[in-house]
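Examining the three-dimensional arrangement
Okay, here's what each chain looks like letter by letter:
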Amino acid sequence: MRAGGIRSVRWPVSWGGVQPVEDGPFLWAGFDQVVQVAARRRLRVLPFLSATPSWAAPDFRTLPVVTPKQRRSWSRFVKAAVRRYGPGGGFWRSHPAVPALPIRTWQVWNEANFFYFARPISPRRYGRLVMVTGRAIKRIDPRGR
């Protein structure tokens, strides 16, 4: 990828995969591997955060902004991701041999205008999700986007 001039890789981070149990631990091992391999090759990672866990909504495509509990839980997930992979994050501290390339840019959901990824399709809900996510990111990394 580097030889081809590619400087970043976009990768999914499934909330349901990272936190399959309500109030359970965040299971970052799979994404840790992606970040580690990319950083060793000096590739930045652009994660797209999506996929509501079954404990938060019956359908993974449900944008987690319908209830206050969904918004709070989503915010906790986003903050945990920024704390782990953002500047000075836990991932970088626990992997000192890996070149630190903190994640500063986060994509909110994936194709929220397509029924395969979001149901129901709702620009209003997506806008709310972007606002909730942005606030969560900024609380941990004021320069994050």
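The structure we're discussing is the one just above.
Residues numbered from 1 in each chain as written. Predicted model: local features only at pLDDT ≥ 70, side-chain atom pairs only at ≥ 80, totals over all residues. Heavy atoms only, no water.

1. Focus on helix H3 (residues 68-85)
In a regular helix each residue adds 1.5 Å, so 18 residues correspond to 26 Å; H3 covers 26 Å between its end C-alpha atoms and thus fits that length. Among the residues of H3, those classed as buried are Gln70, Arg71, Ser73, Trp74, Ser75, Phe77, Val78, Ala80, Ala81, Val82 and Tyr85. Each element contacted by the buried residues of H3 is listed here: strand S1 (8-14), helix H1 (15-18), helix H2 (29-40), strand S2 (44-50), helix H4 (90-94) and helix H5 (123-140). (Helix = DSSP H or I, 4+ residues; strand = E, 2+ residues; numbered from the N terminus. Expected span 1.5 Å × (residues − 1). Buried < 20%, exposed > 50% of the residue type's maximum accessible area, 1.4 Å probe, protein only. Contact = heavy atoms within 4.5 Å.)

2. Describing the pattern of salt bridges
Following the criterion strictly, the structure yields four salt bridges and no others. Here Arg84 makes a salt bridge to Asp32, at a shortest N to O gap of 2.6 Å. In this pair, Arg84 is assigned in helix H3 and Asp32 in helix H2, connecting sequence segments 52 residues apart. Among the residues examined, Asp32 registers a relative accessible area of 11% and is labelled buried. (Salt bridge = Lys/Arg side-chain N within 4 Å of Asp/Glu carboxyl O.)

3. Looking at the side chain of Asn110
In this fold, Asn110 is placed in the loop between strand S3 (107-108) and H5. Taking the relative accessible area as the measure of exposure, Asn110 reaches 8% and is therefore buried. A polar atom in the side chain of Asn110 sits 2.4 Å from the side chain of Arg10. Apart from residues no more than four positions distant in its own chain, Asn110 is found in contact with Arg10, Phe48, Ser50 and Phe117. (Polar contact = N/O pair within 3.5 Å; in protein donor to acceptor, adjacent residues only side chain to side chain.)

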